[in-house]
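One letter stands for each residue in the lines below.
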Amino acid sequence: EVQVLESGGGLVQPGGSLRLSCAASGFTFSSCAMAWVRQGPGKGLEWVSAISGSGGDSSYADSVKGRFTISRDNSNNTLYLQMSSLRAEDTAVYYCAKRAGGYRYGYNDHWGQGTLVTVSS
Amino acid sequence: DIQMTQSPPSLSASVGDSVTLTCRASQDITNYLAWFQQKPGKAPKSLIFAASVLESGVPSKFTGSGSGTDFTLTISSLQPEDFATYFCQQYNSYPRTFGQGTKVEIK
């Protein structure tokens, strides 16, 4: 069974940093592109970032470019999102998602339950 | 960036009704469109990819269609478990973009 489980969320002050993790199981992690998607309180879904299976390709939403870094450890089946210079508008539930179909044309076929990030003083 | 527009933002329907949700892309995305269902406090669930292909285990009451810029999701014979918010997403290009969602409520 495919499972992705996020962790690392919490309360952080504006300007602070946080690293999210996503532990994957039930599939060949190194062969699958992965993504982060967030959802602010009472809002819709916002795509944040994606990374290829090898980690050689990545993309970011303009809203997080230069502040967030996506990475992966294929030896430990774990995806990461390093977030810095956090702002109040980054407050959201962050979902990790497995991609089907690869990095270029993949879509999110399995989602984690999410981890809440709150940016507030 | 490709803008995705869903309509209506919300609708009310009764158990047993059929409803059609619409998703429009600001430019041609061929068939690189996915539909997701989300219930309150839960993660999104993938329903349809490639505009019309059902995910494994998704009942055939969900039907996706369209190509290019105009897409629809039809849900037949609504049941209580179908009342949720539905999102479309294009995966033709980066940045990936979602529609704002259509909330299907019980009348």
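Residues numbered from 1 in each chain as written. Chains lettered and ligands numbered in written order. Predicted model: local features only at pLDDT ≥ 70, side-chain atom pairs only at ≥ 80, totals over all residues. Heavy atoms only, no water.

## Topic: the pairing of strand β11 (residues 115–119) of chain A
Residue and element names in this part refer to chain A.
In step 1: Along β11, the buried face is formed by T115, V117 and V119; none of L116 and T118, which line the opposite face, is buried.
In step 2: As defined by bridge partners, strand β2 (residues 10–12) adjoins β11 across three bridges and the pair is classed as parallel. The residue bridging L11 from the neighbouring strand is T118, located in β11.
In step 3: When strand β9 (residues 92–100) meets β11, the two strands line up antiparallel, connected through three bridges. (Buried < 20%, exposed > 50% of the residue type's maximum accessible area, 1.4 Å probe, protein only. Helix = DSSP H or I, 4+ residues; strand = E, 2+ residues; numbered from the N terminus. Pairing = 2+ DSSP bridges.)

## Comments concerning the side chain of A:R67
All names here are of chain A.
In step 1: Looking at where R67 falls in the secondary structure, it is placed in the loop between β6 (58–60) and β7 (68–73).
In step 2: By relative accessible area, which is 8% here, R67 ends up buried.
In step 3: A polar contact of 3.0 Å, which involves the side chain of R67, links it to the backbone oxygen of S85.
In step 4: Residues within four places of R67 in sequence aside, it is in contact with Q82, M83, S84, S85, L86, R87 and D90. (Polar contact = N/O pair within 3.5 Å; in protein donor to acceptor, adjacent residues only side chain to side chain. Contact = heavy atoms within 4.5 Å.)

## Describing the pairing of strand β5 (residues 45–49) of chain B
Residues and elements named next belong to chain B.
In step 1: As paired strands, strand β4 (residues 33–38) and β5 are joined by three bridges and run antiparallel to one another. Across the sheet, F36 pairs through a bridge with S46, a residue of β5.
In step 2: What sits between the antiparallel neighbours β4 and β5 is a turn of six residues, in which G41 has the positive phi angle 75°.
In step 3: Direction of pairing for β5 relative to strand β6 (residues 53–54): antiparallel, over a ladder of two bridges. From the neighbouring strand, F49 faces β6, where its bridge partner is V53.
In step 4: Linking β5 to β6, which pair antiparallel, is a turn of three residues; within it A50 sits at a positive phi near 50°.

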